[in-house]
2 protein chains.
Amino acid sequence: MEFYSSQISNLVEQLSRLPGIGSKTAQRLAFFILNMPEDQVAGLAGAMTSAKKNVRYCKQCCTYTDGDICPICANEKRNHRQIMVVENPRDLAAYEKTGKFEGVYHVLHGAISPMAGIGPSDIRLSELMVRLQGDVDEVIVATNKNLEGDTTATYISKLVKPIGIKVSRIASGVPSGGDIEYIDEVTLYKALEGRTDM
Amino acid sequence: MEFYSSQISNLVEQLSRLPGIGSKTAQRLAFFILNMPEDQVAGLAGAMTSAKKNVRYCKQCCTYTDGDICPICANEKRNHRQIMVVENPRDLAAYEKTGKFEGVYHVLHGAISPMAGIGPSDIRLSELMVRLQGDVDEVIVATNKNLEGDTTATYISKLVKPIGIKVSRIASGVPSGGDIEYIDEVTLYKALEGRTDM
């Protein structure tokens, strides 16, 4: 992009490294940023560097936080005897938005994937096992409903059950508001299998 | 988003102010940034603040540049007697990518829009008129093919013709209502080739 001066080219290039941002979007963002007031640009840039510098894993649940312990683990009103295991902080956020879960979380930062060379020691499983030495009633496995998520769920179940702690898995089924005719066969089969009494 | 610590919330909020970035995308970008190496985050943040601080209008064509004059205006191999008038730097970039235009540009930073209260003095028209006092053979108006772009083209034609300089308009190969930056290169080239006298 030799028709841009170097600082603009650099900004466009840096932005286009972000996921889901192609070169056209990067251009659009770059010119938007050039048009922003200088203090807002400083705010955006500062938020990035400061978050990168200060954010680490929560010492309990391994989600991202800027303190030692995340706001959820620090909340005494949550049920600390019920731990929901999720693959990443975005999944945690998705469940928090339901407002229906009062327990705490454990973030694995990934899932077991032999294909991708990701084994049990590459995700935050040992940290989960350490937590289970405390008073825990139930581990709810909310990893994704795909090969990696299911493999991880099975692995966790085999580790946790022998300790005498209940392990459950979030239900598979037809999504709320879903049209049965458009749902795939595996999901329909799982929904039938997992039917509940009315 | 009280389940995120404050620095993460702040980063997500800052990112979601960018155009086309909703809260889910902002979240995804934020966690991606947290996973980037620290020097890359510094690079991205630095590119923003430094571009914002140093980028200004080219003294000749009014596009963004970090020097006094942009690389195109500084290029002696370009035909400085042929000026293509565009609405914004993204349109300039779109035409540069065709590789078919050897003249120089003039960036208006907008278009006349009585509806939005944008008049001729709100865009970089006077700077164009100053340039036309030099040796110029042709002004090619490549504003968008919509109401504002056409209004601007007509206005420019009425200003420039009396000086005795040829004014042309890119051809209607560009679909009506279309935004120049999103059009494919062949169509843009055809539109340039098929320009008609005004």
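Residues numbered from 1 in each chain as written. Chains lettered and ligands numbered in written order. Predicted model: local features only at pLDDT ≥ 70, side-chain atom pairs only at ≥ 80, totals over all residues. Heavy atoms only, no water.

(A) Structural view of the packing of aromatic side chains. Applying the stated criterion across every chain, the model contains 8 aromatic pairs over all chains. When the ring of Tyr57 of chain A is compared with that of Tyr64 of chain A, the centres are 5.7 Å apart and the planes differ by 25 degrees; the resulting orientation is stacked. In this structure Tyr57 of chain A comes out as partly exposed when scored by relative accessible area, which is 30%. With a centroid separation of 5.2 Å and 65 degrees between ring planes, the pair formed by Phe101 of chain A and Tyr105 of chain A is classed as edge-to-face. The same class applies to Phe101 of chain A as to Tyr105 of chain A, namely buried. Feature note: the residues Tyr4 and Phe31 of chain A together with Tyr57 and Tyr64 of chain B constitute an aromatic cluster, connected by ring pairs. (Phe/Tyr/Trp six-rings, centres within 6.5 Å; stacked < 30°, edge-to-face > 60°. Buried < 20%, exposed > 50% of the residue type's maximum accessible area, 1.4 Å probe, protein only.)

(B) Examining the interface of chain B and chain A more closely. Counting residues at the interface gives 54 residues for chain B, matched by 53 residues for chain A. Contact between chain B and chain A buries roughly 5,200 Å² in total, counting both sides, with carbon and sulfur atoms accounting for 68%. Its largest share of buried area at the contact with chain A, chain B owes to Phe3, Met48 and Lys52 of chain B, together 14% of the area lost on that side. Inspection of the region where chain B meets chain A yields 0 salt bridges. Here chain B and chain A share 19 residue pairs in polar contact (both at pLDDT 80 or more) between them. The dominant element in the side of chain B that touches chain A, judged by the number of residues it contributes, is helix α3 (residues 38-54) of chain B, at 15 residues. Within the side of chain B that touches chain A, the residues separate by chemical class into 30 nonpolar, 13 polar and 11 charged. (Contact = heavy atoms within 4.5 Å. Buried area = accessible area lost by both parts, 1.4 Å probe. Salt bridge = Lys/Arg side-chain N within 4 Å of Asp/Glu carboxyl O. Polar contact = N/O pair within 3.5 Å; in protein donor to acceptor, adjacent residues only side chain to side chain. Helix = DSSP H or I, 4+ residues; strand = E, 2+ residues; numbered from the N terminus. Nonpolar A, V, L, I, M, F, W, Y, C, P; charged D, E, K, R; others polar.)

(C) Structural view of the packing of helix α2 (residues 23-35) of chain A against helix α5 (residues 89-98) of chain B. Remark: α2 of chain A packs on α5 of chain B, axes separated minimally by 10 Å, with the N-to-C direction vectors making an angle of 145 degrees. Of the two possible hands of crossing, α2 of chain A and α5 of chain B adopt the one that is right-handed. Contact residues: α2 of chain A offers Gln27, Arg28 and Phe31 of chain A, while α5 of chain B offers Pro89, Arg90, Ala93 and Lys97 of chain B. Partitioning the contact of α2 of chain A with α5 of chain B into residue classes produces 3 nonpolar, 1 polar and 3 charged. (Axes fitted to C-alpha atoms, helices over the stretch in contact; angles between N-to-C directions. Left-handed = near helix turned anticlockwise from the far one by under 90°.)

(D) Helix α2 (residues 23-35) of chain B, seen in detail. Taking 1.5 Å of rise per residue, 13 residues should cover 18 Å, and α2 of chain B covers 18 Å from first to last C-alpha, within 8% of that figure. Within the span of α2 of chain B, buried status applies to Ala26, Gln27, Leu29, Ala30, Phe31, Ile33 and Leu34 of chain B. (Expected span 1.5 Å × (residues − 1).)

(E) Representation of the domain arrangement of chain A within the structure. Domain parsing of chain A yields domain 1 (6-54) and domain 2 (64-197). Domain 1 of chain A and domain 2 of chain A are separated by 34 Å when their C-alpha centres are compared. (Domains from an automatic or database assignment.)

(F) Spatial organisation of the sheet that holds strand β3 (residues 79-86) of chain A. Residue and element names in this part refer to chain A. The 4 strands are arranged β4-β3-β5-β6 in an open sheet whose pairing can be described as parallel. Every other strand in the sheet has two partners, leaving β4 (103-107) and β6 (166-169) as the edge strands with one partner each. Strand after strand, the sheet turns through a mean of 25 degrees between neighbouring axes, direction not considered. Where β3 and β4 come together, 5 bridges link them in parallel fashion. Note that in β4 the partner of Val85 across the bridge is His106. Against the sheet, helix α4 (residues 89-98) contacts β3 and β4, and its axis sits at roughly 160 degrees relative to β4. On the sheet, helix α6 (residues 147-160) packs against β3, β5 (138-141) and β6 and is oriented at approximately 170 degrees with respect to β6. (Pairing = 2+ DSSP bridges.)

(G) Representation of the pattern of salt bridges within the structure. Under the criterion given, the structure shown has 17 salt bridges over all chains. Here Arg17 of chain B makes a salt bridge to Glu13 of chain B, at a shortest N to O gap of 3.0 Å. Exposure remark for Arg17 of chain B: the relative accessible area of 45% places this residue in the partly exposed category. Its relative accessible area of 42% is what places Glu13 of chain B among the partly exposed residues. A single salt-bridge network, built from bridges that share partners, covers Arg56, Lys59 and Asp68 of chain A.

(H) Inspection of the nonpolar core at higher detail. Membership of the largest hydrophobic core comes to 115 residues, with the highest contact counts inside it found for Leu15 of chain A together with Leu15 of chain B. Aside from chain neighbours lying at most four places away, what touches Leu15 of chain A is Ile21, Ala26, Leu29, Ala30 and Ile33 of chain A together with Leu44 and Met48 of chain B. (Core = buried A, V, L, I, M, F, W, Y, C linked by side-chain atoms within 4.5 Å.)

(I) Geometry of the confidence of the model for chain A. Averaged over every residue, the pLDDT of chain A is 90; residues scoring 70 or more account for 97%. The ipTM for the predicted assembly is 0.76, set against a pTM of 0.74. (pLDDT = per-residue confidence, 0-100.)

(J) Region of the structure containing helix α7 (residues 147-160) of chain B. Residue and element names in this part refer to chain B. Over its 14 residues, α7 extends 20 Å from the first C-alpha to the last, a length consistent with the 20 Å expected when each residue adds 1.5 Å. If you check which residues of α7 are buried, you get Gly149, Thr152, Ala153, Ile156, Ser157 and Val160. Relative to the axis of α7, the buried residues are bounded by an arc of 135 degrees and lie together on one face. Exposed side chains of α7 directed beyond 90 degrees from the buried face belong to Leu147 and Lys158. Where α7 is buried, its residues meet β3 (79-86), α6 (125-131), β5 (138-141) and β6 (166-169). (Arc of directions from axis to C-beta.)

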